[in-house]
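Overview (structure and organization)
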Amino acid sequence: MKLLFLILTAMLDIVPGGKAYVKPLQQRDSILVADQLEYGVELEEVRPGVVLSLPDMAPASNDTLSVVRNWKVDTLAAGKPVSGRTLERWLKKNKPVGIRASVVLAPFEEGVYQMPSIPMQRVDGDRTDTLVFEGVEVEVKTMPVDTATFVIHDIKGQIRYPLTFREVAPWAAGAWLLIVLAILLFNVIRLRRARAAGEVEAHRDPAYIVALRQLDKYRGDKLWAPDKQKGFYSGITDTLKTYIEDRFSVDAPEMTTAELFDALRDCKDISPDLYNETKALFECADFVKFAKHTADDEDNAKAVPTAVRFVTSTYQTALDEEAAAAGGEEAAAK
């Protein structure tokens, strides 16, 4: 491809294009080994429609002079790079623009370099010619070394700086968090295994607390409407049956009202008045649930207080018995 380009340029008109320019990318007063240089050309007053071609610089790269970046072309208007819509508006007005084309080179040996001339093919309508920009000399230097005082030292190892608290803190915090999570996971697994083996009983509130908490949901008259009374009475009586089963060891949920109160008739912890009130509550509930009876406001208003009185009276008796038994054990121990 390079040979073909040279043959073509030999048949074209050769036009001097001036000198190329060279500019170090690092702002220094001299060029040092391995500094990167921008080497290129600039054209002014290039009309729209003119086609320019540049040779490939990659084959010129070697161990002494390396091509870091191949050609880059910038469009200039009024001396400044332009692109996008600004360039489109400039070209629509058929105004000439400037062209800057450059490559980036890096020399790796000290000495004076003669940069190659840059040929640029230009096609302007039916006319084709070649602009040749004369190469420039570049002097590359190395850092001066005082050979009189220069002493060769051994290669130093990697410097190790002391650790700071800021560097250690995140790792320490992460390790502490992992330890805490591991302890929690271990305890959770052990507790679950113990419960599965029956060694630990799950915490359960006393039956009277559960009953009073459930009965508190039925306070107020919002459930007294005829279409809600069945759920109102069912909730109260089911709560009492669950409590009675735990407190008196009676299979209350599976009994009818008559069977239940026959079983509670001789219970000394239930006073006759409380027995009759509670039985009346259950009978009213049966009428509401099974006979489509609509209870009046007086029966509705007494339902929850009667159930609460039954629970508080019977569990207080149990507490008194437990306290008396504990006192007798202490007296016997003394």
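Everything in this summary refers to the structure shown in the same document. (Residues numbered from 1 in each chain as written. Predicted model: local features only at pLDDT ≥ 70, side-chain atom pairs only at ≥ 80, totals over all residues. Heavy atoms only, no water.)

**Here we look at the side chain of Asp35**
Put simply, the rule is: In this description a helix means any DSSP run of H or I spanning at least four residues, a strand means any run of E spanning at least two, and both kinds are numbered starting from the N terminus. A simple rule labels every residue: compare its accessible area, found with a 1.4 Å probe on the protein chains alone, to the largest value its type can have, and call it buried under 20%, exposed over 50%, or partly exposed in between. Within 3.5 Å is the distance limit for a polar contact, defined as a pair of N or O atoms, with the added protein rule that one can donate a hydrogen and the other accept it, and that residues adjacent in sequence qualify only through two side-chain atoms. Only heavy atoms matter for contacts: two residues are in contact if any of them lie within 4.5 Å across the pair.
Tracing the backbone through its elements, the reader meets Asp35 in the loop between β3 (31-32) and β4 (37-46). Here Asp35 falls in the buried class, since its relative accessible area comes to 7%. Of the polar contacts made by the side chain of Asp35, one reaches the backbone nitrogen of Leu32; its length is 2.9 Å. With residues near it in sequence (within four places) discarded, Asp35 still touches Gln26, Arg28, Ser30, Leu105, Ala106 and Pro107.

**As for helix α4 (residues 207-216)**
In plain terms, the rule: The arc in question is the one spanned by the directions pointing from the helix axis to the C-beta atoms.
Taken residue by residue, α4 has Ala207, Ala211 and Leu215 as its buried positions. One face of α4 carries all of its buried residues, which in axial projection span an arc of 65°.

**Considerations on the pattern of salt bridges**
Here is the rule we go by: Salt bridges are defined as contacts in which a side-chain nitrogen from Lys or Arg sits within 4 Å of a carboxyl oxygen from Asp or Glu.
Under the counting rule described, the total for this entry stands at eight salt bridges. Here Lys23 makes a salt bridge to Glu38, at a shortest N to O gap of 3.4 Å. Of this pair, Lys23 sits in strand β2 (residues 21-24) while Glu38 sits in strand β4, placing them 15 residues apart in sequence. Given the relative accessible area of 40%, Lys23 is considered partly exposed. Relative accessible area serves as the criterion here: at 13%, Glu38 is assigned to the buried category. Salt bridges linked by common partners bring Arg122, Arg127 and Asp129 together as one network.

**Some words on the packing of aromatic side chains**
Cut-off, in case you're wondering: Two rings belonging to Phe, Tyr or Trp (six-membered ring only in the last case) form a pair when the distance between their centres is within 6.5 Å. Interplanar angles under 30 degrees mark stacking, angles over 60 mark edge-to-face geometry, and anything in between is tilted.
Taken as a whole and judged by the stated rule, the model has seven aromatic pairs. With centroids separated by 5.1 Å and ring planes inclined at 85°, the aromatic side chains of Phe232 and Tyr233 adopt a geometry described as edge-to-face. Among the residues examined, Tyr233 registers a relative accessible area of 0% and is labelled buried. Judged by centre distance (5.3 Å) and plane angle (75°), the ring pair of Phe261 and Phe282 falls under edge-to-face.

**Things to note about the packing of α4 against helix α5 (residues 229-248)**
Note the cut-off: Each axis is a line fitted through C-alpha atoms, and for a helix only the stretch in contact is used; angles between axes span 0 to 180 degrees, taken between their N-to-C directions. Just so you know how the angles are binned, under 35 degrees is roughly parallel, over 145 roughly antiparallel, 65 to 115 roughly perpendicular, and the rest oblique.
Axis separation between α4 and α5 bottoms out at 9 Å; the angle between their running directions is 175°. As summarised for this structure, α4 and α5 are arranged roughly antiparallel, according to the angle between their axes. The segment α4 lies against α5, with Ala207, Tyr208, Ala211, Gln214 and Leu215 engaging Ile236, Thr239, Tyr243 and Asp246.

**Notes on the environment of Ala106**
With respect to the helices and strands, Ala106 occurs in strand β8 (residues 97-107). When the C-alpha positions of Ala106 and Leu32 are compared, they lie 9.6 Å apart, and in sequence the two are 74 residues distant.

**Let's talk about the side chain of Thr314**
Within the secondary structure, Thr314 sits in helix α8 (residues 297-333). Polar side-chain contacts of Thr314 include one of 3.2 Å to the backbone oxygen of Val311. Those residues in contact with Thr314 that lie beyond four places of it in its chain are Tyr243, Arg247, Phe248, Asp269 and Ile270.

**Topic: the sheet that holds strand β9 (residues 111-114)**
Rule in force here: One bridge is not enough; two strands pair if DSSP finds at least two bridges between them.
Reading across from one edge, β3-β12-β9 is the order of the three strands in this open sheet, with mixed pairing throughout. The open sheet has two edge strands with one neighbour each: β3 and β9. One ladder, built from four bridges, connects β9 with strand β12 (residues 137-141); its direction is antiparallel. Residue pairing in the sheet places Gly111 in a bridge with Val140 of β12.

**Focus on unusual backbone geometry**
Phi angles above zero are rare outside glycine, and Ala34 is one such case at about 75°. By the element assignment, Ala34 lies in the loop between β3 and β4.

**Looking at the sheet that holds strand β10 (residues 118-124)**
The four strands are arranged β1-β11-β10-β5 in an open sheet whose pairing can be described as mixed. In this open sheet, the two edge strands, each paired with only one partner strand, are β1 (13-19) and β5 (51-53). Here the average twist between neighbouring strands, direction ignored, is 25°.

**So, helix α6 (residues 257-264)**
Buried residues of α6: Thr257, Leu260, Phe261 and Leu264, and no others. Viewed end-on, α6 has its buried residues packed into an arc of 90°, placing them on one side of the element. As for α6, its buried residues are in contact with α5 and α7 (272-290).

**What about the pairing of strand β11 (residues 127-134)?**
The sheet contact formed by β1 and β11 spans six bridges and is parallel. Considered in β11, the bridge of Ile14 is made with Thr130. For β10 and β11, the ladder comprises seven bridges, and the chain directions are antiparallel. Within β11, the residue paired with Pro119 across the bridge is Val132. If you look at the hairpin formed by β10 and β11, you'll find two residues sitting between the two strands, and Gly125 has a positive phi there, around 70°.

**What about the nonpolar core?**
Keep this limit in mind: Grouping buried Ala, Val, Leu, Ile, Met, Phe, Trp, Tyr and Cys residues that are joined through side-chain atoms within 4.5 Å yields what is termed a nonpolar core.
Tyr233, Ile236 and Ile244 are the most contacted members of the largest nonpolar core, which totals 33 residues. Elements that contribute at least two residues to this core include exactly α4, α5, α6, α7 and α8. Apart from residues lying up to four places away in sequence, Tyr233 is in contact with Leu281, Cys284, Ala285, Val288, Ala295, Asp299, Asn300 and Ala303. Residues Tyr39, Val41, Leu65 and Val103 belong to the second largest nonpolar core, which totals 26 residues.

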